[in-house]
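Fold and contact review
Spelled out, the chains give:
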Amino acid sequence: MGTAASSGFSSESLRRGIEGNSAANLLSLYADDAEIRVVDRNTQPSHPKVLHGRDEISAMLDDVYSRDMTHKMEQCVVDGDRVAFSESCLYSDGVRVLSESMLTLRDGKITEQTMIQAWDE
């Protein structure tokens, strides 16, 4: 496995992807065979939502970035081929979403992500 430092992955590229206005920049950080596990009130830990590959990830990100909301990366820690970050989102109606993610990198691309998210109800 290549390390984040030697592969070109950076917290700044992740920030630009998250805080951008479209899914394209964020999607470019994922490997073709990436997998995302999402845990929230609808998809609990024993039955998480699992997305396989860039096509499924792209569909999710396109949906998220089509919404009237802003995204902000709050914190990020990069340690070799592992990344942890916090993200906050705000819908135009004031509803807030918080998520915590752990990533695994291979050759500078995200191969695994576990995301735990919560939102106002």
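Residues numbered from 1 in each chain as written. Predicted model: local features only at pLDDT ≥ 70, side-chain atom pairs only at ≥ 80, totals over all residues. Heavy atoms only, no water.

Looking only at helices and strands, the chain has four helices and six strands in total. In the chain, the succession of helices and strands from N to C terminus is α-α-α-β-β-α-β-β-β-β. The C-alpha atoms of the chain give a radius of gyration of 14 Å, which matches the 14 Å a tight globule of 121 residues would have. Each principal axis of the C-alpha distribution contributes one length, and for the chain these read about 40 × 30 × 25 Å. (Helix = DSSP H or I, 4+ residues; strand = E, 2+ residues; numbered from the N terminus. Rg over C-alpha atoms; globule rule 2.2 N^0.38 Å.)

Let us look at helix 4 (residues 53–65). If you check helix 4, its first and last C-alpha atoms are 18 Å apart, about what 13 residues at 1.5 Å a residue would give, namely 18 Å. Regarding helix 4, the residues found buried are G53, I57, S58, M60, L61 and Y65. In this fold, the buried residues of helix 4 make contact with helix 2 (11–19), helix 3 (24–27), strand 1 (30–39), strand 2 (49–52), strand 3 (69–79) and strand 6 (109–119). (Expected span 1.5 Å × (residues − 1). Buried < 20%, exposed > 50% of the residue type's maximum accessible area, 1.4 Å probe, protein only. Contact = heavy atoms within 4.5 Å.)

Here we come to the nonpolar core. Residues L14, L26, Y30, I36, I57 and L61 are the most contacted members of the largest nonpolar core, which totals 23 residues. For this core, the secondary structure elements donating two or more residues are helix 2, helix 3, strand 1, helix 4, strand 4 (82–91), strand 5 (96–106) and strand 6. I36 has contacts with Y30, K49, V50, L51, I57, M60, Q113 and M115, leaving out every residue within four places of it along the chain. (Core = buried A, V, L, I, M, F, W, Y, C linked by side-chain atoms within 4.5 Å.)

Attention now moves to the sheet that holds strand 6. The strand order across the open sheet built from six strands is 2-1-6-5-4-3, with neighbouring strands paired in mixed fashion. Both outer strands of the open sheet, strand 2 and strand 3, are each paired with one neighbouring strand and no more. Across the sheet, the axes of successive neighbouring strands diverge by a mean angle of 15 degrees, strand direction being ignored. In this structure, strand 1 lies alongside strand 6, joined through six bridges in parallel fashion. Counterpart to I36 in the pairing with strand 6 is Q113. Across the sheet, helix 2 is in contact with strand 3, strand 4 and strand 5; its angle to strand 3 comes to roughly 165 degrees. (Pairing = 2+ DSSP bridges. Axes fitted to C-alpha atoms, helices over the stretch in contact; angles between N-to-C directions.)

Quick look at the pairing of strand 6 now. Strand direction decides the pairing type here: strand 5 and strand 6, joined by 10 bridges, are antiparallel. Paired with R106 across the bridge in strand 6 is K109. Hairpin connection between strand 5 and strand 6: a loop of two residues separates the two successive antiparallel strands, and D107 in this loop has a positive phi of roughly 50 degrees.

This next bit is on the state of the cysteines. Tallied over the entire structure, the rule returns zero disulfides. C76 carries a free sulfur, and the closest cysteine sulfur to it, the one in C89, is 15 Å from it. For C76, a relative accessible area of 24% gives the class partly exposed. (Disulfide = S-S within 2.5 Å.)

We now examine unusual backbone geometry. Its identity as a non-glycine residue notwithstanding, D107 has a phi of 50 degrees, on the positive side. With respect to the secondary-structure elements, D107 resides in the loop between strand 5 and strand 6. Using a relative accessible area of 55% as the deciding quantity, one classes D107 as exposed.

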